[in-house]
Amino acid sequence: MTEPKQASSFTAEVNRAAVARYAMGDRADFADVDRGFIAGFPDELRSDEGSCCVTD
């Protein structure tokens, strides 16, 4: 197996910016993802054209 290569300087900078922007210490989102939950749906979903598709 080959060794992983280093991230490019661009990728490293984007990763640093993400760590600074988001609350990485708040593990609740990570726990939700581990359980398979990503996000709830809004009460109303719309198509790209703006027409109503699904309502609750």
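Just above sits the structure.
A short tour of the structure in this document, coming up.

Parameters at a glance
- Residues numbered from 1 in each chain as written.
- Predicted model: local features only at pLDDT ≥ 70, side-chain atom pairs only at ≥ 80, totals over all residues.
- Heavy atoms only, no water.
- Phe/Tyr/Trp six-rings, centres within 6.5 Å; stacked < 30°, edge-to-face > 60°.
- Lys NZ or Arg CZ within 6 Å of the ring centre and 35° of its normal.
- Helix = DSSP H or I, 4+ residues; strand = E, 2+ residues; numbered from the N terminus.
- Polar contact = N/O pair within 3.5 Å; in protein donor to acceptor, adjacent residues only side chain to side chain.
- Salt bridge = Lys/Arg side-chain N within 4 Å of Asp/Glu carboxyl O.
- Buried < 20%, exposed > 50% of the residue type's maximum accessible area, 1.4 Å probe, protein only.

So, on to the packing of aromatic side chains. One pass over the structure, following the stated rule, counts zero aromatic pairs. A cation over a ring is seen here: Arg27 above Phe30, with NZ or CZ 3.9 Å from the ring centre.

In this fold, Asp32 is placed in helix α2 (residues 28-35). A polar contact of 2.4 Å, which involves the side chain of Asp32, links it to the side chain of Arg35.

Right, let's talk about the pattern of salt bridges for a bit. Following the criterion strictly, the structure yields two salt bridges and no others. Here Arg16 makes a salt bridge to Glu13, at a shortest N to O gap of 3.1 Å. Highlighted residues: Arg16 and Glu13, both in helix α1 (residues 9-21), separated by three residues, approximately one helical turn. Owing to a relative accessible area of 44%, Glu13 belongs among the partly exposed residues under this scheme. Two residues, Asp32 and Arg35, come together in a salt bridge whose shortest N-O distance is 2.4 Å. Residue Asp32 and its partner Arg35 are both found in helix α2; the two are separated by three residues, about one turn of the helix. In this structure Asp32 comes out as buried when scored by relative accessible area, which is 19%.

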